[in-house]
Amino acid sequence: KAGVTQTPRYLIKTRGQQVTLSCSPISGHRSVSWYQQTPGQGLQFLFEYFSETQRNKGNFPGRFSGRQFSNSRSEMNVSTLELGDSALYLCASSRFQDYGYTFGSGTRLTVV
Amino acid sequence: AQSVAQPEDQVNVAEGNPLTVKCTYSVSGNPYLFWYVQYPNRGLQFLLKYITGDNLVKGSYGFEAEFNKSQTSFHLKKPSALVSDSALYFCAVVVSGGYNKLIFGAGTRLAVHP
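Residues numbered from 1 in each chain as written. Chains lettered and ligands numbered in written order. Predicted model: local features only at pLDDT ≥ 70, side-chain atom pairs only at ≥ 80, totals over all residues. Heavy atoms only, no water.

1. What about the nonpolar core?
Inference 1: Trp35, Leu47, Leu48, Phe74, Leu76 and Tyr89 of chain B are the most contacted members of the largest nonpolar core, which totals 27 residues.
Inference 2: Secondary structure elements with two or more residues in this core: β2 (10-14), β3 (19-21), β5 (31-38), β6 (44-50), β8 (64-68), β9 (73-78), β10 (87-95) and β12 (108-113) of chain B.
Inference 3: Per element, the largest residue contribution to this core is four residues, and it comes from β10 of chain B.
Inference 4: In contact with Leu76 of chain B, not counting residues within four places along its chain, are Leu19, Thr20, Val21, Trp35, Leu47, Leu48, Phe63, Glu64, Ala65 and Tyr89 of chain B.
Inference 5: Counting residues in each nonpolar core, the second largest holds 21 residues, with Trp34, Phe47, Phe60 and Phe64 of chain A among its members. (Core = buried A, V, L, I, M, F, W, Y, C linked by side-chain atoms within 4.5 Å. Buried < 20%, exposed > 50% of the residue type's maximum accessible area, 1.4 Å probe, protein only. Helix = DSSP H or I, 4+ residues; strand = E, 2+ residues; numbered from the N terminus. Contact = heavy atoms within 4.5 Å.)

This is the structure:
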């Protein structure tokens, strides 16, 4: 079966711009979570969506936002990019209360 | 606050020897524990999880882990290491009822030498 698909794989943006990342979950998975991975901070939870509703949010500024569509695909948006936003952004999908999380390959964002 | 600790930044082991990657956790509530592996420029691959039941969990690629509630540990083990096991390993915990928020350790780099 198809895995979790994240697009694009790589992005280079300039400070001050905004960016949108996409995550298509495994068919039948209705929960999508997003994580930021950096060398300094490690893997940090951004937010989780289930049935188009944000259920949980990590400790990130309001520049980080997301949404989920009726087909469970999710997008995250980062506005007014800063150099420190350079990271690997990972999404994971799961069934409701299944605790079986499948991760995508990630989007590598570089802010210059 | 919920947390996961991986006390070793790097573990070195010779091919064919047993390996252990350590993980301890601190949560309030029942922990659900996970191990993931990451290869360069890739996402996280699931190895195994403990939800309930037998404390010894067997996972992918010959890995296993033992849940020890009294020591709040969930160490990853493999009887015979392969060079191809060299990667970054993450331990993570979800608190039951805490929705799908994984709390990760800092990661341990495993280097298996021929």
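2. Side note on the state of the cysteines
All names here are of chain A.
Inference 1: Taken as a whole and assessed by the stated rule, the structure comprises two disulfides over all chains.
Inference 2: Each disulfide pairs two cysteine sulfurs, and for Cys23 the partner residue is Cys91, the sulfurs being separated by 1.9 Å. Measuring handedness by torsion sign, the sulfur bridge of Cys23 and Cys91 sits at about 70 degrees and is right-handed. Of this pair, Cys23 sits in strand β3 (residues 19-24) while Cys91 sits in strand β9 (residues 87-94), and the two are 68 residues apart along the sequence. There is no split in this pair, since Cys23 and Cys91 are both buried. (Disulfide = S-S within 2.5 Å.)

3. Topic: the interface of chain A and chain B
Inference 1: Across the boundary between the two partners, chain A contributes 22 residues, which contact 20 residues of chain B.
Inference 2: Contact between chain A and chain B buries roughly 1800 Å² in total, counting both sides, with carbon and sulfur atoms accounting for 53%.
Inference 3: For the pair chain A and chain B, the interface holds zero salt bridges.
Inference 4: Put simply, chain A and chain B have five residue pairs in polar contact (both at pLDDT 80 or more) between them.
Inference 5: Broken down by secondary-structure element, the contributors of at least two residues to the side of chain A that touches chain B are β4 (31-38), β5 (42-50), β6 (53-57) and β9 of chain A.
Inference 6: With four residues, β4 of chain A is the single largest residue contributor to the side of chain A that touches chain B.
Inference 7: Class assignment for the residues of the side of chain A that touches chain B results in nine nonpolar, eight polar and five charged. (Buried area = accessible area lost by both parts, 1.4 Å probe. Salt bridge = Lys/Arg side-chain N within 4 Å of Asp/Glu carboxyl O. Polar contact = N/O pair within 3.5 Å; in protein donor to acceptor, adjacent residues only side chain to side chain. Nonpolar A, V, L, I, M, F, W, Y, C, P; charged D, E, K, R; others polar.)

Keep in mind that these numbers describe shape and distance, not what the molecule does.
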